[in-house]
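# Residue-level structural notes
Here's the letter readout for the chains.
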Amino acid sequence: MNEFGIKSKKADLNFSGVRTVGSVYWNYTPAKLAEMAIERGEGQLADSGGLVVMTGEFTGRSPKDKFVVKDDTTRDTCWWGEINQPISNEKFQSLKAKVLAYMQGRDLWVRDAFAGADPAHRIGVRVFNENPWQNIFVYNMFIRPSEEQKLNFVPDWTIYCAPGFYADPEVDGTRQHNFTMVNFTERTIIIGGSAYTGEIKKGIFTVLNYILPMNGVLSMHCSANIGREDKDTAVLFGLSGTGKTTLSADPNRDLIGDDEHGWTDNSVFNFEGGCYAKCIDLSAEKEPQIWNAIKFGALIENVTFVEGTRTVDFHDTSITQNTRTAYPIYHIENAVEPSMGATPKNIFFLTADAFGVLPPISKLTTGQAMYQFISGYTAKVAGTEAGINEPVPNFSACFGAPFLPLHPTKYAEMLGKKMEEQNVNVWLVNTGWTGGPYGVGSRMKLEYTRAMVTAALNGELNDVTYTTDPIFGLNMPTTCPNVPDEVLNPRNTWADKAAYDAKANDLAEKFNRNFDNYKEFASEAILAAAPRVLQG
């Protein structure tokens with residue numbers, strides 16, 4: 001062991017299948033890894049201290065190229081289809097052998113880490129990287145073992161990440177040259193043909209989404225924070241653009257984590273040891289926590305510099321709109337350590353409803369919570385993607401469909417059970433449009449949304465009067481501190497009430513059509529929470 005980690009020319013990697021290698025850099029420090037990446041021409045330091053790298057051909061995940069081995073372990077448990085595409089164990093073993101052969105004689109960067117802040121539910125992960133900067137990502141995003149834990153580390157899962165290895169689709173059974181394959185029996189993930197680091201992070205999230213529910217732990221794609229005084233835990237779900245990051249960064253609350261968590265009988269715990277934040281249009285004014293976290297040790301992906309400087313141009317989308325930064329959670333001043341809290345008192349489902357139909361806040365029954373959880377609704381507006389000229393509904397089961405190896409109803413039933421056993425409030429919060437759809441109405445004021453979330457957290461909505469929306473059946477408070485009463489019922493904000501009714505019916509039909517994909521396995525309580533289309 002030296003000040004950087006462990007270096008071995010002939011490290012005993014027989015357990016890994018990599019027989020002969022070049023140099024092995026084991027658990028090296030981020031500083032040394034950054035130095036090596038720069039020496040190899042793979043990165044540059046920004047003036048903030050962060051290491052800027054390019055992920056190459058892929059600047060985002062490739063869900064259509066993710067496969068799960070179908071064998072005796074997964075055959076009757078996995079949710080097979082477009083999200084979990086089956087691959088035979090024979091194909092997996094053949095491709096794994098090729099990946100290991102590709103690694104022969106090469107320098108490797110290896111890291112041991114944990115996933116899961118709760119020692120009772122964490123897994124040990126050993127990652128083999130082809131590039132030093134990807135090893136920084138693993139250091140930042142997973143939980144870092146102590147020096148003593150490193151000495152006796154035994155991995156539960158192994159990841160081989162070889163961006164430079166390309167599969168042969170005709171021979172290997174892949175769609176194209178890149179791939180991510182998960183083998184639950186062997187507890188191995190192989191990644192090839194893509195240097196996008198999110199494949200590593202989401203590969204392990206997929207693993208935890210499979211094994212934790214088997215042990216009574218609800219795995220969640222969400223952020224979580226804790227109140228400074230009452231130490232109450234809040235959980236926030238939401239797809240991109242709904243305000244999850246903004247609302248979870250509450251100056252009066254401490255951060256458990258921003259993306260992936262588990263919910264046990266007595267805790268909520270972070271899966272990760274860091275944050276992987278979008279940084280498109282990032283500014284110190286809009287996102288001070290993220291801005292301040294991008295310092296030495298942070299990794300910044302697929303950004304450019306302001307010409308003639310080493311200042312990152314966060315507004316430049318010439319490479320991708322999915323610019324990202326990965327940093328350890330200790331770069332956030334108000335992060336709790338260890339990243340755990342008590343069971344939640346309040347859960348928020350965030351949606352940016354561009355149709356202007358859903359109320360700004362509503363309290364959900366258990367059945368409604370399960371239904372809305374499976375629906376995972378928000379809306380895309382014009383300009384967010386090529387070809388989108390008007391609002392388009394976007395449904396993602398459990399607010400994270402691409403990472404669910406089990407059927408969404410499994411997670412929803414667990415949510416409902418924990419919600420009732422632990423007396424948890426679940427709120428649907430619309431951060432989208434009011435007074436009309438996108439192009440007619442206006443975006444809900446952030447100050448109103450913050451006031452509603454704060455009121456829910458403080459228990460100020462527990463004893464107020466509620467009215468029920470006739471189509472979605474949602475219970476809407478008639479009053480809320482620091483929010484005008486007329487804002488709380490969306491129909492009241494529309495000048496044309498008939499137009500509101502028509503748009504609400506249209507959205508209800510979209511919900512019902514989407515839910516057709518899941519109703520075969522849904523309980524009566526979930527089905528009863530579906531919106532009712534009213535006849536004109």
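This write-up is about the structure you can find in this document. On a predicted model such as this, the values are computed, not experimentally measured, just so you know.

In terms of helices and strands, the protein carries 14 helices and 32 strands. Compactness check: the protein gives a C-alpha radius of gyration of 24 Å against a globular reference of 24 Å for 536 residues, within 12% of the reference. Here the C-alpha coordinates of the protein stretch approximately 75 × 55 × 45 Å along the principal axes. When each of the 536 residues of the protein is scored for burial, the buried share is 59%.

Before going further, it helps to spend a moment on the packing of aromatic side chains. Tallied over the entire structure, the rule returns 30 aromatic pairs. Seen from their ring centres, F515 and Y518 are 6.0 Å apart, and the 70° between their planes marks the pair as edge-to-face. Comparing F515 with Y518 shows no difference in burial state: the two are buried. Taken together, W79, Y371, Y377, F395, F472, F511, F515 and Y518 form an aromatic cluster joined through their ring pairs. The ring centre of Y102 lies 3.8 Å from the NZ or CZ of R106, which sits over that ring. Positioned above the aromatic ring of Y139, the side-chain terminus of R144 is 5.2 Å from the ring centre.

The subject of this paragraph is the state of the cysteines. Going through the model one piece at a time under the given rule, you end up with 0 disulfides. Cysteine C222 is unpaired, with the sulfur of C398 as its nearest cysteine sulfur at 11 Å.

Here we come to the environment of A397. Here A397 is to be found in the loop between β27 (392-395) and α10 (408-421). A residue is classified by how much of its surface remains accessible, and A397, at 0% relative accessible area, is buried. Sequence-wise, A397 and N215 are 182 residues apart; in three dimensions their C-alpha atoms are separated by 21 Å. Each residue touching A397, except ones within four places of it in the same chain, is listed here: F373, I374, S375, L404, P408 and Y518.

This next bit is on the side chain of N27. Looking at where N27 falls in the secondary structure, it is placed in the loop between β2 (24-26) and α1 (30-39). Here D112 takes part through its backbone nitrogen, which lies 2.9 Å from a polar atom of the side chain of N27. Excluding residues within four positions of it along the chain, N27 makes contact with F4, G5, V110, R111, D112 and K150.

The omega torsion of the bond from E337 to P338 falls at -5°, within 30 degrees of zero and hence cis. In this fold, P338 is placed in the loop between β22 (324-328) and β23 (340-341). Backbone geometry at D281 places phi at a positive 60°, although glycine is not the residue there. On the basis of relative accessibility, which here comes to 33%, the residue D281 falls in the partly exposed class. Not every positive phi belongs to a glycine, and N302 is a case in point at roughly 65°. Residue position: N302 is located in the loop between β19 (299-301) and β20 (304-305). Judged by relative accessible area, which is 2%, N302 ranks as buried.

It is worth spelling out helix α3 (residues 132-141) at this point. Among the 10 residues in α3, 10 count as buried, and that is most of the element. Among all positions of α3, only P132, W133, Q134, N135, I136, F137, V138, Y139, N140 and M141 are buried.

What follows is about the sheet that holds strand β17 (residues 268-270). Strand order in the open sheet formed by 4 strands is β12-β16-β17-β23, and the pairing between neighbours is antiparallel. What marks the edges here is a single partner per strand, and that holds for β12 (218-221) and β23. Note: strand β16 (residues 260-263) against β17, 3 bridges, orientation antiparallel. Paired with G262 across the strands is F269, a residue of β17. Sheet strands in contact with helix α6 (residues 198-214) are β12, β16 and β17, and its direction is about 150° off that of β12. Sheet contacts for α10: β12 and β16; angle to β12, the most-contacted strand, approximately 105°.

What follows concerns the pairing of strand β10 (residues 179-183). By the criterion of burial, β10 is predominantly enclosed, with 5 of the 5 residues buried. Burial of the side chains of β10 extends over both faces: F179, M181 and N183 are buried on one face and T180 and V182 on the other. Here strand β5 (residues 66-69) pairs with β10 via 3 bridges, running parallel. Across the sheet, residue F67 finds its bridge partner in β10, namely M181. By the bridge criterion, 5 bridges tie β10 to strand β11 (residues 188-192) in an arrangement that is antiparallel. Each residue of the ladder has a partner; that of M181, found in β11, is I190. Between β10 and β11, which pair antiparallel one after the other, the connecting turn spans 4 residues, and R187 there sits at a positive phi close to 60°.

Turning to α1, a few remarks are in order. Taken together, the buried positions of α1 are P30, K32, L33, A34, M36 and A37. The inward-facing, buried residues of α1 contact β2, β4 (51-53), β7 (108-115) and α3. A positive backbone phi angle near 75° is found at G41, which sits one or two residues after α1.

Moving on, we come to the pattern of salt bridges. Under the criterion given, the structure shown has 21 salt bridges. Ionic pairing is found between E260 and K202, a salt bridge with its closest N-O pair at 3.1 Å. In this pair, E260 sits in strand β16 while K202 sits in helix α6, placing the two residues 58 residues apart along the sequence. An identical accessibility class is assigned to E260 and K202; each is buried. Among the charged side chains, a salt-bridge network with shared partners connects K201, K202, K244, D259, E260 and E272.

How each quantity is defined
Residues numbered from 1 in each chain as written. Predicted model: local features only at pLDDT ≥ 70, side-chain atom pairs only at ≥ 80, totals over all residues. Heavy atoms only, no water. Helix = DSSP H or I, 4+ residues; strand = E, 2+ residues; numbered from the N terminus. Rg over C-alpha atoms; globule rule 2.2 N^0.38 Å. Buried < 20%, exposed > 50% of the residue type's maximum accessible area, 1.4 Å probe, protein only. Phe/Tyr/Trp six-rings, centres within 6.5 Å; stacked < 30°, edge-to-face > 60°. Lys NZ or Arg CZ within 6 Å of the ring centre and 35° of its normal. Disulfide = S-S within 2.5 Å. Contact = heavy atoms within 4.5 Å. Polar contact = N/O pair within 3.5 Å; in protein donor to acceptor, adjacent residues only side chain to side chain. Pairing = 2+ DSSP bridges. Axes fitted to C-alpha atoms, helices over the stretch in contact; angles between N-to-C directions. Salt bridge = Lys/Arg side-chain N within 4 Å of Asp/Glu carboxyl O.

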